[in-house]
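A closer look at the structure
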Amino acid sequence: VSPDTHTKNDKTVLILGGGVAGVIAARTLASKNIKDFLIIEGRDELGGRMRSMEFGVQGKTSVVELGANWIQGTQEGNGPANPIYALAKKHGLKTAETDFYGSIVTYDETGPVDYLDALNTAVDAYTNLTVVGGGRVPTKQVDTTCRTGYSLIGAKPKTPADMVVEYYVDWEYAQTPEQTSWIASSWANNFTFDVDQGGFSDDNLLSVDQRGFKHLIQAEAAEFLHPSQVLLNATVRTIAHSADGVVVTLANGTRISGDYAITTFSLGVLQHDDVVFEPALPLWKQEAIQSMTMATYTKLFLQFEEKFWFDTDFALYADKVRGRYPVWQGLDLDHFFPGSGIIFATVTGDYSEAIEALPDAEIQSQLLEVLGAMFPNITIPTPTAFFFPRWFSDPLYRGSYSNWPASFVSPHHTNLRANVGHRLWFSGEAMSQKYFGFLHGAYFEGMDAAEHVVSCVSAGGKCQSLPFVESIPNSSPYVI
Ligand SMILES: Cc1cc2nc3c(=O)[nH]c(=O)nc-3n(C[C@H](O)[C@H](O)[C@H](O)COP(=O)(O)OP(=O)(O)OC[C@H]3O[C@@H](n4cnc5c(N)ncnc54)[C@H](O)[C@@H]3O)c2cc1C
């Protein structure tokens, strides 16, 4: 059955992927009385990158978050609220505040060493970086990397301590300053955290809910979703699109057609051809997909019989190699999971990709070696549990979230979001200009794509397309 010969499709709308964008797209359709949709999801539950796991030795486990963990930016007074914060309140999610700069201790390869002054300097440099970066927009200056920006404002880290504190203030891009757009990272920060720029607030709430952070989106789905509207454990292999609709083929050969489809698959999935489009996506779309970056953020969980580490929320470890197990978070604290014996390290970007290729045992011994350096007076015991997710190798994700490189220009973003024909629509965190990389970006994009599809359904297919640019010219052409 091809869409061209099909007179009546199976569903009005296929929603490809059951993460935040997919569930919110479904809710938006349902609220506009379009009930004939189907969410097709590869995993056995909804939530996508809100993914948790019961971790620890038998009899002493805690539910930890392998993916998203923070509500980033909440609400100040009656100002705009992060919609994820609103869902957390609605569904009674248990959260705890984390204090990034007030509850932190510092180490290097010789053990505890106080370089909190350097951290304060790095925080100031980062604030300055985002202000100066944001200021390049109204003056129409060209984008460049955060590294260039740092150098221009005089921040040039030289020592391992300088490098780790710089890492810590921008690690959430999950890539280095060399790989990150100065302008886009500035607005991503400002639109979420800076109230003066329309942001929510500068608070970060950590989900410590033992139902998992995903509970908020699963509970939201349970309010409107009928079991017949979702197909789990169903991996999409091909998406055939034409003027008559969209036909997806699943890994088991099943074909399902829809008048419309909204794909919410991650940018990494789109980049890796895990899903094949028939016909191939137009070149302007492919250029946009391949020009944005899918970054990786990896948490490595260790459990020990007893806590032997710091009492703060965070610790930094300055290695000679920038990005080598730099950030540590202890979960065995009264406001997190007391008595859990759990600590985790985070690595990002190229370092994440590199460790995914190595066996668990090797990574575990590297982590124990670092702990040995941080705590020279302690014989580091054997962990009772160890786990880290391989987001980059996972064909359902191919990374953790998108990051905007300096070579990605505004028209690329226009094209990344744009529909291809009236039947195929694109959604997910990467499509959000203001909030790419965040849960709230996925939320707003899910809503937006569904609203466009609603107007298509109402207009019998004769709806407005999103703008796109056939070929992106260079605003300052090269003269060779
Ligand atoms: C480690 C990590 C830490 C993060 N930390 C935070 C944080 O603290 N705060 C924050 O705001 N954001 C954070 N994020 C980002 C946040 O999780 C994402 O922005 C958001 O979850 C993306 O939602 P989405 O619906 O766009 O995509 P997804 O959640 O990826 O949803 C897409 C769905 O499609 C499914 N899928 C993919 N391919 C196929 C296929 N071929 N067939 C069928 N189904 C398929 C996937 O299983 C997935 O469920 C983090 C992400 C990660 C990975």
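Quick caveat, the model's predicted, so the values are computed rather than measured.

Some remarks on the pairing of strand β11 (residues 236–242)
- As defined by bridge partners, β11 adjoins strand β12 (residues 245–250) across six bridges and the pair is classed as antiparallel. Bridge pairing links Ser242 to Gly245 in β12.
- Between β11 and β12, which pair antiparallel one after the other, the connecting turn spans two residues.
- Where β11 meets strand β14 (residues 276–278), three bridges bridge the pair, whose relative direction is parallel. Looking at the pairing, Ile239 lines up with Phe277 of β14.

Some details on the environment of Ala174
- With respect to the helices, strands and loops of the structure, Ala174 is situated in the loop between α5 (160–170) and α6 (182–193).
- Remark: the alpha-carbon pair of Ala174 and Pro157, spanning 17 residues in sequence, is separated by 18 Å.
- Setting aside chain neighbours within four positions, we find Ala174 in contact with Ala295, Thr296, Tyr297, Thr348, Gly349, Ser400, Tyr401 and Asn403.

A closer look at the sheet that holds strand β5 (residues 70–72)
- Taken together, the three strands give an open sheet; going across it, the order is β5-β9-β6, and neighbouring strands pair in antiparallel fashion. If you trace the sheet from one side to the other, it starts and ends with β5 and β6 (95–97), each paired once. Adjacent strand axes in the sheet meet at a mean angle of 30°, parallel and antiparallel pairs treated alike.
- Bridge count between β5 and strand β9 (residues 204–207): three bridges; the pairing is antiparallel. Across the sheet, Ile71 pairs through a bridge with Leu205, a residue of β9.

Comments concerning the site of the ligand
- Near the ligand you find 39 residues, and of these Gly17, Gly19, Gly42, Gly48 and Ser400 are the closest.
- Its residues assigned to classes, the shell around the ligand comprises 18 nonpolar, 16 polar and five charged.

Some words on the packing of helix α1 (residues 20–31) against helix α13 (residues 439–458)
- Packing of α1 against α13 leaves a shortest axis separation of 7 Å and a crossing angle of 35°. In the packing of α1 onto α13, the handedness of the crossing is right-handed. In this structure, α1 uses Val20, Ala21, Gly22, Ile24, Ala25, Thr28 and Leu29 to contact α13, whose residues at the interface are Leu439, Ala442, Tyr443, Glu445, Gly446, Met447, Ala449, Ala450, Glu451 and Val454.
- The residue inventory of the contact of α1 with α13, partitioned by class, reads 12 nonpolar, three polar and two charged.

The rules behind the values
Residues numbered from 1 in each chain as written. Predicted model: local features only at pLDDT ≥ 70, side-chain atom pairs only at ≥ 80, totals over all residues. Pairing = 2+ DSSP bridges. Helix = DSSP H or I, 4+ residues; strand = E, 2+ residues; numbered from the N terminus. Contact = placed C-beta atoms within 7 Å. Axes fitted to C-alpha atoms, helices over the stretch in contact; angles between N-to-C directions. Near = placed C-beta within 6 Å. Nonpolar A, V, L, I, M, F, W, Y, C, P; charged D, E, K, R; others polar. Left-handed = near helix turned anticlockwise from the far one by under 90°.

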